[in-house]
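# Remarks on the overall topology
Here are the chains, one letter per residue:
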Amino acid sequence: MQDYEIQSGTWTQFAAEAKSIREQVFIQEQRIAPEDEWDAQDAVALHFVVYATGQAIATARLLENHSIGRVAVLKSQRGLGVGRVLMQHIIQVAKQQQRPWVKLSAQEHAIPFYQSLSFQVEGESYLDCGIPHVDMRLIF
Ligand code: COA
């Protein structure tokens, strides 16, 4: 597998990369409205960006309430293990920070992806931004 570098930090540090990826994946590809994509949590979240040969190819954020969100890999880079490497890194950081669990709101198509990382479904599915979602949690 290719070498991936993962960096993390504040919105101020990573807004340029994270915005570009989320714009392509969520707004253009998934047709999520910009007013739903950008929220006040970005300013306080811990952001992660994956680089391959210097190019930013994936991102996600971790909130104070242990919620992982905005997990996005550029379309051309999917199915190569990038999402898995990114999630494993965030899980490791969350454990180091002595968080009791991490949770997320998974788009239904991604349930098997998160299950492969040991997340478990909690409750019924619901619509968010018109897309079916389900809550999932990984307890440490
Ligand atoms: N459905 C079923 N299985 C999936 C999947 C999907 N949509 N995406 C990945 N997987 C599986 C892979 O088969 C792989 O399993 P394996 O290791 O046994 O082969 C495992 O999950 C890891 O896959 P990986 O290559 O690391 O995933 P990825 O880099 O393609 O990233 C997403 C997965 C979901 C982050 C990526 O498809 C994406 O960005 N999608 C668009 C945005 C999105 O929907 N984000 C999730 C919001 S909740």
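Residues numbered from 1 in each chain as written. Predicted model: local features only at pLDDT ≥ 70, side-chain atom pairs only at ≥ 80, totals over all residues. Heavy atoms only, no water.

## Points about the UniProt feature "domain: N-acetyltransferase" (unreviewed entry) in the protein chain
As annotated in UniProt, the feature "domain: N-acetyltransferase" (unreviewed entry) corresponds to residues 4–140 in the numbering used here. For residues 4–140, the end-to-end C-alpha separation is 25 Å, with 31% helix and 37% strand making up the annotated structure. (UniProt positions renumbered as here; feature names shortened; annotations may be inferred. Helix = DSSP H or I, 4+ residues; strand = E, 2+ residues; numbered from the N terminus.)

## Notes on unusual backbone geometry
With the exception of glycine, most residues fall at negative phi, and the peptide bonds are largely trans. Of note, the phi angle at R70 is positive, near 55°, even though the residue is not glycine. Along the chain, the position of R70 falls in strand β4 (residues 68–73). Phi angles above zero are rare outside glycine, and C129 is one such case at about 55°. Tracing the sequence through the fold places C129 in the loop between β6 (120–128) and β7 (131–139). Exposure remark for C129: the relative accessible area of 40% places this residue in the partly exposed category. (Buried < 20%, exposed > 50% of the residue type's maximum accessible area, 1.4 Å probe, protein only.)

## Comments concerning the site of the ligand
Taken together, the neighbourhood of the ligand is formed by 20 residues, with V71, V73, G81, G83 and R84 sitting nearest. Interatomic distance of 2.8 Å between a backbone N/O atom of V71 and a nitrogen atom of the ligand. Between the ligand and G81 there is a distance of 2.8 Å, counted from an oxygen atom to a backbone nitrogen or oxygen. Alone, the ligand offers 900 Å² of accessible surface; in the complex the protein occludes 71% of this. (Near = heavy atom within 4 Å. Polar contact = N/O pair within 3.5 Å; in protein donor to acceptor, adjacent residues only side chain to side chain. Areas by Shrake-Rupley, 256 points an atom, 1.4 Å probe, with all protein chains shown as cover.)

## Structural notes on the environment of S76
Mapped onto the secondary structure, S76 falls in the loop between β4 and α3 (82–96). In this structure S76 comes out as exposed when scored by relative accessible area, which is 61%. Along the chain, S76 and I57 lie 19 residues apart, while their C-alpha atoms are 8.9 Å from each other.

## Examining the nonpolar core
With 29 residues, the main nonpolar core has I68, M87, V102, L104, Y114, F119 and M136 as its most contacted residues. Those elements giving two or more residues to this core turn out to be β2 (46–52), β3 (55–62), β4, α3, β5 (101–107), α4 (111–115) and β7. Non-local contacts of Y114, meaning those with residues more than four positions away in its chain, are made with V71, M87, L104, A106, F119 and M136. Residues I21, V25, L74 and I131 belong to the second largest nonpolar core, which totals seven residues. (Core = buried A, V, L, I, M, F, W, Y, C linked by side-chain atoms within 4.5 Å. Contact = heavy atoms within 4.5 Å.)

## Overview of the pairing of β7
Sheet topology places β5 next to β7; seven bridges connect them, and they run antiparallel. Looking at the pairing, A106 lines up with V134 of β7. By the bridge criterion, six bridges tie β6 to β7 in an arrangement that is antiparallel. Across the sheet, the residue bridging to Y126 is H133, located in β7. Counted along the chain from β6 to the antiparallel partner β7, the turn is two residues long, and its residue C129 has a positive phi close to 55°. (Pairing = 2+ DSSP bridges.)

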